[in-house]
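Summary of the model geometry
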Amino acid sequence: MLWYKNWLEMRWRTVFIALLFALQMFAVYRNAGNGTGNVVAATGAFGYLWIIASIMAAGTGIRTQSASLAAVKGLHGSAYFTLSLPVSRADLFGVRTIMGVVQMAVIIVLANCGLWALFPAAQANTTLGDAMGYGLAVFVCCLGFYFFSSLLAVFLDPTWWLYGGLLAIGVCWWLLRGVQSAFNVFKALQERAPLITHTIPWPAMFTSLAISLILFLATLRVIQTREF
Amino acid sequence: MTDFVIEANELRKSYKGTAALNGLNLRVRAGSVYGFLGRNGAGKTTAIKLLMGFLRADSGEARVFGMPSAGATSIEIHRRTGFVTEDKQLYPYMTVEGMIRFTRSFFPKWRDDLAKRYLEMFELPPRRKTADLSKGMQSKLMLLLAISRGAELLILDEPSDGLDPAAVQDMLRELISLAAAEGTTIFFSSHQLGEVEQIADHICIIDRGRAVVTGSLDDLKCQYQRVQVILERELGAPVRWVEGAEYVRQEGRTVSILASRNIDALLAQAESLPGASVERFPVTLQEIFLEHVRAR
């Protein structure tokens with residue numbers, strides 16, 4: 001039933017993120033028929049939105065349900081009820097994480113492959129393999145941002161978590177904007193995206209996975225020891 | 001194997017340098033109905049959060065069913081415990097029956113018969129979302145969810161908060177019957193001394209993070225007496241009363257003493273004062289409570 005509870009909490013956010021992704025993909029594929037330059041521009045511009053969407057997708061959970069935040073619109077103080085259930089904090093966090101990650105994966109794959117299939121113009125300059133590769137790269141590269149946001153959500157209230165997450169990632173992007181390394185996750189979402197290069201950005205994806213694993217373990221550790 | 005379901009030894013907890021618990025000791029025997037009393041900010045909710053494993057003590061130890069309350073054993077404790085939170089907050093997006101289905105899935109000993117009975121008794125609308133329930137209705141639903149877990153121990157933080165007098169009576173009656181019929185241990189905090197007096201067999205009065213009175217309610221009522229002395233004229237100097245005179249209040253020629261022991265010696269001392277008229281009265285829980293928390 002934890003799955004059901006998490007789904008009820010996440011469903012509207014999922015719909016919002018799905019719409020966001022669909023709009024992004026629509027713009028990318030609409031430009032695909034007009035030449036590679038337009039794809040580059042659209043892909044680059046919307047790289048930021050994927051990052052924002054992955055930050056939003058992660059920011060829920062027990063911290064946003066603490067009694068001290070019950071007065072904030074849309075939040076509720078049910079954390080103590082949840083914590084009184086015979087479920088470990090690791091399980092609570094694990095179920096929430098799996099649902100968030102699956103939600104992102106489904107949205108990215110469906111929006112990406114679905115729109116590629118629906119827009120004949122997109123097929124002129126990109127293959128289905130490019131579209132799937134692009135979806136895979138977006139998903140894996142966004143995991144790092146997802147888990148970063150997840151860690152922040154443990155410490156910060158919902159407002160500061162969102163602004164803090166965006167600010168911190170904005171600073172990282174600014175610092176790394178001139179770094180042309182294949183390990184640069186930001187570049188993999190923009191000018192090194194598979195839709196443009198027709199190759200999968202493996203180094204950047206491995207970097208994101210490594211960062212995700214570290215952040216996941218750090219968040220798990222904090223949740224298990226944190227007082228509510 | 002210990003007889004105590006709850007044990008706390010010298011429990012200390014501070015928030016940003018302010019002590020919330022200052023060496024709390026508790027012993028709650030299996031099958032008892034234990035009232036946990038204290039003023040606002042006395043440390044009741046902090047103690048309950050420590051027992052539930054939501055907080056970690058700075059020092060001391062809390063054990064429930066003989067297991068440490070924090071850490072991995074808290075899952076087993078939660079499986080055997082029904083809990084009502086102070087704020088009575090549930091998931092606002094779930095209906096009443098959704099909350100029951102959800103909670104039921106975690107407890108193998110869930111009592112459908114009790115859930116059905118309380119749903120009818122508390123007149124809870126099954127299809128209404130919890131966000132649309134009044135505070136009293138939320139409290140009733142919280143109680144239903146706690147009691148129907150089929151728990152061996154109920155930890156209830158201000159369970160009557162938001163309930164009307166009729167619902168409070170229903171709740172108290174049900175708690176008494178649970179304790180009597182199922183042997184459920186009930187540990188509840190309250191500001192309502194009348195409620196505590198009605199159902200508790202043991203109490204603990206906590207003040208500034210320490211237990212100032214603990215014991216069986218009947219024993220405490222026998223042990224404590226009020227001695228009233230009316231003097232012929234006002235005393236020139238304060239009297240040094242024998243040991244056992246807990247709190248002494250003098251207004252003009254009248255001296256009122258709350259005594260916890262040595263009553264006979266105290267009476268003899270009072271009668272030895274010139275022209276003194278001495279009477280003794282039984283005390284209520286409210287008097288014991290007020291004298292202890294006011295005096296500090």
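Conventions adopted
- Residues numbered from 1 in each chain as written.
- Chains lettered and ligands numbered in written order.
- Predicted model: local features only at pLDDT ≥ 70, side-chain atom pairs only at ≥ 80, totals over all residues.
- Heavy atoms only, no water.
- Helix = DSSP H or I, 4+ residues; strand = E, 2+ residues; numbered from the N terminus.
- Buried < 20%, exposed > 50% of the residue type's maximum accessible area, 1.4 Å probe, protein only.
- Contact = heavy atoms within 4.5 Å.
- Areas by Shrake-Rupley, 256 points an atom, 1.4 Å probe, with all protein chains shown as cover.
- Polar contact = N/O pair within 3.5 Å; in protein donor to acceptor, adjacent residues only side chain to side chain.
- Pairing = 2+ DSSP bridges.
- Axes fitted to C-alpha atoms, helices over the stretch in contact; angles between N-to-C directions.
- Phe/Tyr/Trp six-rings, centres within 6.5 Å; stacked < 30°, edge-to-face > 60°.
- Lys NZ or Arg CZ within 6 Å of the ring centre and 35° of its normal.

Turning next to the overall build of chain A. Secondary structure assignment for chain A yields ten helices and zero strands. Each of the 228 residues in chain A was classed as buried or not, and the buried ones make up 53%. The long-range share in chain A, meaning contacts at least 24 apart out of those at least 6 apart in sequence, stands at 71%. Split by element, the accessible area of chain A, about 10,000 Å² in all, is 74% carbon and sulfur.

What follows covers the side chain of B:His292. Residue and element names in this part refer to chain B. By secondary structure assignment, the location of histidine 292 is in helix α10 (residues 285–295). On the basis of relative accessibility, which here comes to 3%, the residue histidine 292 falls in the buried class. Among the polar contacts made by the side chain of histidine 292, one reaches the side chain of tyrosine 224 at a distance of 3.3 Å. Residue contacts for histidine 292: discarding those within four places in its chain leaves Asp207, Val212, Val213, Tyr224, Glu246 and Tyr247.

On to the sheet that holds strand β11 (residues 225–230) of chain B. Residues and elements named next belong to chain B. Ordered by their spatial adjacency, four strands build an open sheet running β12-β13-β11-β14, and the pairing between neighbours is antiparallel. Where the open sheet ends on each side, the last strands, each with one partner, are β12 (245–251) and β14 (277–282). Taken pair by pair, the neighbouring strands of this sheet meet at an average axis angle of 20°, ignoring direction. Examined bridge by bridge, β11 and β14 share six bridges and lie antiparallel to one another. Its bridge partner lying in β14, glutamine 228 is registered against glutamate 279.

Residues and elements named next belong to chain B. Burial runs high along strand β9 (residues 202–207): five of the six residues are buried. As paired strands, β9 and strand β10 (residues 210–216) are joined by six bridges and run antiparallel to one another. Paired with aspartate 207 across the bridge in β10 is arginine 210. Connecting β9 to the antiparallel partner β10 that follows it, the hairpin turn spans two residues, and arginine 208 within it adopts a positive phi of roughly 50°.

For the rest of this paragraph, the subject is the packing of aromatic side chains. In this structure the tally under the stated criterion is 14 aromatic pairs over all chains. Relative to A:Phe147, the ring of A:Tyr146 has its centre 5.3 Å away and its plane inclined at 80°; by these criteria the two rings are edge-to-face. On the basis of relative accessibility, which here comes to 2%, the residue A:Tyr146 falls in the buried class. Each ring, one from B:Tyr118 and one from B:Phe122, has its centre 5.7 Å from the other, and the planes form 15°; the classification is stacked. Residue classification places B:Tyr118 among the buried residues on the basis of a relative accessible area of 1%. Owing to a relative accessible area of 4%, B:Phe122 belongs among the buried residues under this scheme. Taken together, the ring pairs connect A:Phe81, B:Tyr91, B:Tyr93, B:Phe102 and B:Phe106 into an aromatic cluster. Lying across the ring of A:Trp174, A:Arg177 places its NZ or CZ 4.3 Å from the centre. Across from the ring centre of B:Phe65, 4.0 Å away, lies the NZ or CZ of B:Arg80, which sits over that ring.

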